Amino acid sequence: MPKPPSPPAVDGVARTGRRPSTSRAQLEQHALRLFAERGFDQVTVEDIAAAAGIGRRTFFRYYRSKNDAVWGDFEGELQRMRALLGAYPRETPMMDALREAIVDFNRVDPAQAPWHRLRMRLILDVPALQAHSTLMYAEWRAVVAEFAAGRLGGAADALPPQVIAHACLGAAVAAYEQWLRHDGSDLGEFLDRALRALAPGLQEYETGSEAGAPALRHGSPPGPRETPA
């Protein structure tokens, strides 16, 4: 696992002493800092709560587990991406809408970039978080598949929407890996390039003949092949 960079200060607050109150974002930053300093497996919920100056029960008002603290307000961001995709006019090609929405979903304020790099190093490199990530990735793919299904017609669990969702996730993860390897690089540029590379093939689901194949559109598997007599 690559050694994470030194964690930034938590919103300019000294690291010692107890705070009378905290916010979700500050709690997330305390968790990320401790994970970077001690290692994810060595940090407990009690450690995070103590660093933030809150009780254990208060921590669980914000997050279900320390794993969720790494992901921040992921559910809220997914809702935002769903709304953004839903606002695109039908005239916008499916893959253009997905590319723009995914880049927007992953846009990071420059001041927050060090935190986001730390977050993604943990997500991609810590085994315990990789297992948890499968659940989060499934929720992300569901948003993409729902949008694709709306464009193609039929169920979100049909083959074309699932191919699109898995391909977009793979492109996004590859873009993140490149971003983490190159300090000072532009995450949005990597995401844009990766998703543009997918567009010609996946857009055919909307514009080509495959979008009209009933077996694929409605989610039922193709029938068995006929065998020669």
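All figures in this text were calculated on a predicted structure; none of them were measured in a lab.

### So, the overall build of the protein
So, step 1. The secondary structure content of the protein amounts to eleven helices and zero strands.
So, step 2. Starting at the N terminus and ending at the C terminus, the protein contains elements arranged as α-α-α-α-α-α-α-α-α-α-α.
So, step 3. Burial analysis of the protein (229 residues in total) assigns 43% to the buried set.
So, step 4. In the protein, 67% of the contacts between residues at least 6 apart in sequence involve partners at least 24 apart.
So, step 5. Carbon and sulfur atoms form 53% of the exposed surface of the protein, whose accessible area is close to 12,000 Å².

### A look at the packing of helix α6 (residues 94-105) against helix α8 (residues 127-152)
So, step 1. The N-to-C vectors of α6 and α8 enclose an angle of 155°; their axes lie 11 Å apart at closest approach. By the angle between their axes, α6 is roughly antiparallel relative to α8. Along this stretch, α6 crosses α8, giving a crossing that reads as right-handed. Residues M94, A97, L98, I102 and F105 of α6 form the contact with α8, whose participating residues are W140, V144, F147, A148, R151 and L152.
So, step 2. Per-class residue counts for the contact of α6 with α8 are ten nonpolar, no polar and one charged.

### Some thoughts on helix α1 (residues 24-38)
So, step 1. If you check α1, its first and last C-alpha atoms are 21 Å apart, about what 15 residues at 1.5 Å a residue would give, namely 21 Å.
So, step 2. Buried residues dominate α1, accounting for eleven of its 15 residues.
So, step 3. Every buried residue belonging to α1 is among Q26, L27, E28, Q29, H30, A31, L32, R33, L34, F35 and A36, and all of these are buried.
So, step 4. Elements in contact with the buried residues of α1: α2 (45-52), α3 (56-62), α4 (66-71) and α7 (113-125).
So, step 5. G39, located one to two residues past α1, shows a positive phi value of around 100°.

### As for the packing of α8 against helix α9 (residues 159-181)
So, step 1. Closest axis-to-axis distance for the α8/α9 pair is 8 Å, and the angle between their directions is 135°. It follows that α8 is oblique to α9 by the angle criterion. Seen from above, α8 lies across α9 with right-handed handedness. Contacts from Y137, W140, R141, V144, A145, A148, A149 and L152 of α8 reach α9 at P160, P161, Q162, I164, A165, H166, C168, L169 and V173.
So, step 2. Here the residues of the contact of α8 with α9 sort into 14 nonpolar, two polar and one charged.

### A closer look at the side chain of R119
So, step 1. Turning to its location among the elements, R119 is positioned in helix α7.
So, step 2. Sequence-distant contacts of R119, that is, excluding residues within four places in its chain, are made with E28, L32, V70, W71 and G72.

### As for the pattern of salt bridges
So, step 1. Evaluated as defined, the whole model comprises 14 salt bridges.
So, step 2. The partner of E146 in a salt bridge is R82, and the shortest N-O contact between them spans 3.2 Å. Of the two residues, E146 is situated in helix α8 and R82 in helix α5 (residues 74-86); the sequence distance between them amounts to 64 residues.
So, step 3. One connected set of salt bridges, linked through shared partners, spans E77, R80, D104 and R107.

### Notes on the packing of aromatic side chains
Aromatic ring pairs are defined here through the distance separating the ring centres and the angle between the ring planes.
So, step 1. A full pass over the atoms with the stated rule returns seven aromatic pairs.
So, step 2. Relative to F74, the ring of W71 lies with its centre 4.9 Å away and its plane at 70°, an arrangement referred to as edge-to-face.
So, step 3. For W71, a relative accessible area of 11% puts it in the buried group.
So, step 4. Between F74 and F105 the ring centres are 6.2 Å apart and the planes differ by 80°, which places this aromatic pair in the edge-to-face class. One end of the pair, F74, is in helix α5; the other, F105, is in helix α6, and 31 residues separate them in sequence.
So, step 5. With relative accessibility at 12%, the residue F105 sits in the buried group.
So, step 6. The lysine or arginine in question, K66, covers the ring of F40, its NZ or CZ lying 4.3 Å from the ring centre.
So, step 7. The cationic tip of R117 hangs over the ring face of W179; the distance from NZ or CZ to the ring centre is 4.2 Å.

Parameters and conventions
- Residues numbered from 1 in each chain as written.
- Predicted model: local features only at pLDDT ≥ 70, side-chain atom pairs only at ≥ 80, totals over all residues.
- Heavy atoms only, no water.
- Helix = DSSP H or I, 4+ residues; strand = E, 2+ residues; numbered from the N terminus.
- Buried < 20%, exposed > 50% of the residue type's maximum accessible area, 1.4 Å probe, protein only.
- Contact = heavy atoms within 4.5 Å.
- Areas by Shrake-Rupley, 256 points an atom, 1.4 Å probe, with all protein chains shown as cover.
- Axes fitted to C-alpha atoms, helices over the stretch in contact; angles between N-to-C directions.
- Parallel < 35°, antiparallel > 145°, perpendicular 65-115°, else oblique.
- Left-handed = near helix turned anticlockwise from the far one by under 90°.
- Nonpolar A, V, L, I, M, F, W, Y, C, P; charged D, E, K, R; others polar.
- Expected span 1.5 Å × (residues − 1).
- Salt bridge = Lys/Arg side-chain N within 4 Å of Asp/Glu carboxyl O.
- Phe/Tyr/Trp six-rings, centres within 6.5 Å; stacked < 30°, edge-to-face > 60°.
- Lys NZ or Arg CZ within 6 Å of the ring centre and 35° of its normal.

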